[in-house]
Amino acid sequence: MVRTLKSFELIRSKTGKEDALMGRLMKLPQVRETHLLAGEWDIMATLAFEEEPVDPRERLLDLVTGKIRKMPLVRDTNTIVPAMSRMREMHLTHPERRAYAFVFIDAKIGKGQEVMNQLMRYDEVSESHLLLGKTDVLAVLEFEKGIVPPVPERVARIVTQEIAKIDNIVETETLCPIRSLVKD
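What counts, and at which threshold
Residues numbered from 1 in each chain as written. Predicted model: local features only at pLDDT ≥ 70, side-chain atom pairs only at ≥ 80, totals over all residues. Heavy atoms only, no water. Helix = DSSP H or I, 4+ residues; strand = E, 2+ residues; numbered from the N terminus. Buried < 20%, exposed > 50% of the residue type's maximum accessible area, 1.4 Å probe, protein only. Polar contact = N/O pair within 3.5 Å; in protein donor to acceptor, adjacent residues only side chain to side chain. Arc of directions from axis to C-beta. Pairing = 2+ DSSP bridges. Axes fitted to C-alpha atoms, helices over the stretch in contact; angles between N-to-C directions. Contact = heavy atoms within 4.5 Å.

1. Some words on the side chain of H129
Next up, step 1: Of note, H129 is situated in strand β7 (residues 125-130).
Next up, step 2: The class for H129 is buried, based on a relative accessible area of 0%.
Next up, step 3: A polar contact is formed between the side chain of H129 and the side chain of S85, at a distance of 2.6 Å.
Next up, step 4: One polar contact links H129 to E127, side chain to side chain, over a distance of 2.7 Å.

2. Overview of helix α1 (residues 18-26)
Next up, step 1: Taken as a whole, α1 has its buried residues at E18, L21, M22, L25 and M26. One side of α1 holds all its buried residues, which, seen down the axis, span an arc of 135°.

3. Section: the sheet that holds strand β6 (residues 98-107)
Next up, step 1: One open sheet holds the five strands; their spatial order is β5-β7-β8-β6-β9, and the pairing between them is antiparallel. Either end of the sheet is taken by a strand with one partner, and the two such strands are β5 (84-87) and β9 (169-175). The average undirected angle you get between the axes of adjacent strands in this sheet is 20°.
Next up, step 2: Taken together, the four bridges between β5 and β7 define a ladder with antiparallel strand orientation. Across the sheet, R86 pairs through a bridge with S128, a residue of β7.
Next up, step 3: Along the sheet, helix α3 (residues 112-119) makes contact with β5, β6, β7, β8 (137-144) and β9, crossing β7 at roughly 170°.

Right, dumping it as structure tokens:
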């Protein structure tokens, strides 16, 4: 079984160039998804590298510094490389109607891995990643888009009524993309 290193790139775009930048990023083979955000960061890109004899983190560094940061529409980046990941295959009825949310979680000291594992109990959590840095865990939520209730309302319910009840969570920050591009 081939293992994959997944990482996340938060990107600030030149104003008004977010859609063009998302399209350019999707042309890079390692970019699996781009998500348009509202807030401090404009775009979150999901990058994936298969493990092989060369450490995939070296290839990640080459991609970020050699290509992404050199794109003329990029103003700033922040690379997130998980130390450990738990992922499950999502089997949504209509994958073309998939919606995402990203929950950054601060955990009590030494409890990040425990929180990461507890997150996987929830059907909407497709991935949980242990991070090294200011934030301890990143949870990736996936849903099928629907009119009722709207995605942001569903995300709010899961984060405030389910995830917030997990022991050892200190604080969360949730990013709900406005629009996403995803490779199959």
